Amino acid sequence: MEIKEAIRHRRSIGKVKQDPVDKPLIEQILEAGTWAPNHCHTEPWRFWVMTGEGRGLLGRGYAEVAAAEADPMLSEEELSKLKSAQEKKAFRAPVVIAVAVTPSVKPVVPEIEEYAAAHAAVQNMLLTAHALGLGAVWRSGAPTYHPKMREAFSLAGKEELVGFIYIGYPDMAPPKAQRVPFEQKTVWVSE
């Protein structure tokens, strides 16, 4: 697949089949992530590949975040149902890859550039999944950055999750997409 085609046609595929994804395909996706540009060659990313019951790691994180944020007036039964519903989010795809950034301690590397590198790694991974015929979606949101999620993944220091890539064989048609023409977002400076 040509890179231009992959960029233009890749879409977030939120509904995938539960069919297993072969490990060599997952490894190709991970390898693509490691080739993202990064300042001073810090390679500031870490990956957790969750399959089968291993997705429970993410599920427990979602459940703990839900419990921490829940209305204190909820009964034990209501809280249990809430945690269970949140835990199921981790099982929406046969493969979930958590991606974290581990900022360098080098003073020459601004922390924001480490995040940019981790985000670029995610984009490489999404494009590779698409090129391999897989569906993928990058999920983040408030629970991703919650202290309870950090605990679930044993993050230390300045490490932070940047999101979760849900991967599987597509079970939906890719949504149509449009973009604002680059001309409307571009200023040319020549003098």
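The text that follows walks through the structure, step by step, so that each part is easy to find. (Residues numbered from 1 in each chain as written. Predicted model: local features only at pLDDT ≥ 70, side-chain atom pairs only at ≥ 80, totals over all residues. Heavy atoms only, no water.)

1. Things to note about the pattern of salt bridges
Any two side chains of opposite charge can pair, on the condition that their charged atoms come close.
Phase 1: Tallying each qualifying case throughout the model produces 5 salt bridges.
Phase 2: Residues Glu 160 and Arg 150 are paired through a salt bridge, measuring 3.4 Å at the closest nitrogen-oxygen approach. Linking Glu 160 in strand β4 (residues 160–168) with Arg 150 in helix α7 (residues 147–152), this pair joins segments that are 10 residues apart in sequence.
Phase 3: The exposure class assigned to Arg 150 is buried, which follows from its relative accessible area of 18%. (Salt bridge = Lys/Arg side-chain N within 4 Å of Asp/Glu carboxyl O. Helix = DSSP H or I, 4+ residues; strand = E, 2+ residues; numbered from the N terminus. Buried < 20%, exposed > 50% of the residue type's maximum accessible area, 1.4 Å probe, protein only.)

2. Some points on the packing of helix α3 (residues 56–69) against helix α4 (residues 76–87)
Phase 1: The geometry of α3 relative to α4 is characterised by a closest axis approach of 7 Å and an angle of 140° between their N-to-C directions. Between α3 and α4, the angle is such that the two are oblique. Every pair of crossing elements has a handedness; the one defined by α3 and α4 is right-handed. When α3 is examined against α4, the residues Gly 59, Arg 60, Tyr 62, Ala 63, Glu 64, Ala 66 and Ala 67 are found in contact with a partner set consisting of Leu 79, Leu 82, Lys 83, Gln 86 and Glu 87.
Phase 2: Across the contact of α3 with α4, the residue classes break down as 6 nonpolar, 2 polar and 4 charged. (Axes fitted to C-alpha atoms, helices over the stretch in contact; angles between N-to-C directions. Parallel < 35°, antiparallel > 145°, perpendicular 65-115°, else oblique. Left-handed = near helix turned anticlockwise from the far one by under 90°. Contact = heavy atoms within 4.5 Å. Nonpolar A, V, L, I, M, F, W, Y, C, P; charged D, E, K, R; others polar.)

3. A short note on the pairing of strand β2 (residues 95–101)
Phase 1: Where burial is concerned, most of β2 is hidden: 7 out of the 7 residues are buried.
Phase 2: Side chains of β2 alternate between two faces, with Val 95, Ile 97, Val 99 and Val 101 and Val 96, Ala 98 and Ala 100 buried alike.
Phase 3: With 7 bridges joining them, strand β1 (residues 45–51) and β2 adopt antiparallel strand pairing. Bridge pairing links Trp 45 to Val 101 in β2.
Phase 4: Bridging between β2 and β4 involves 7 bridges; their strand directions are antiparallel. (Pairing = 2+ DSSP bridges.)

4. Some words on helix α5 (residues 111–131)
Phase 1: A rise of 1.5 Å per residue sets the reference length of α5, with its 21 residues, at 30 Å; its end C-alpha atoms lie 31 Å apart and thus fit the reference within 8%.
Phase 2: Burial in α5 covers these residues: Glu 114, Ala 117, Ala 118, Ala 121, Val 122, Met 125, Leu 126, Leu 127, Thr 128 and Ala 129.
Phase 3: Those residues of α5 that are buried are in contact with α1 (3–9), α2 (23–34), β1, β2, β3 (135–139) and β4.
Phase 4: Count one or two residues on from α5 and you reach Gly 133, which has phi positive near 85°. (Expected span 1.5 Å × (residues − 1).)

5. Points about the packing of aromatic side chains
Phase 1: Enumeration according to the criterion identifies 3 aromatic pairs in this entry.
Phase 2: The interplanar angle of 80° and the centroid separation of 5.4 Å between the aromatic rings of Trp 48 and Phe 153 together place this pair among those described as edge-to-face. Of this pair, Trp 48 sits in strand β1 while Phe 153 is found in the loop between α7 and β4, placing the two residues 105 residues apart along the sequence. Side by side, Trp 48 and Phe 153 carry an identical accessibility label, which is buried.
Phase 3: When the centroid spacing of 6.0 Å and the interplanar angle of 35° are considered together, the rings of Phe 153 and Phe 164 count as tilted. A residue pair is termed long-range when its members are at least 10 positions apart, and Phe 153 in the loop between α7 and β4 and Phe 164 in strand β4 qualify at 11 residues. (Phe/Tyr/Trp six-rings, centres within 6.5 Å; stacked < 30°, edge-to-face > 60°.)

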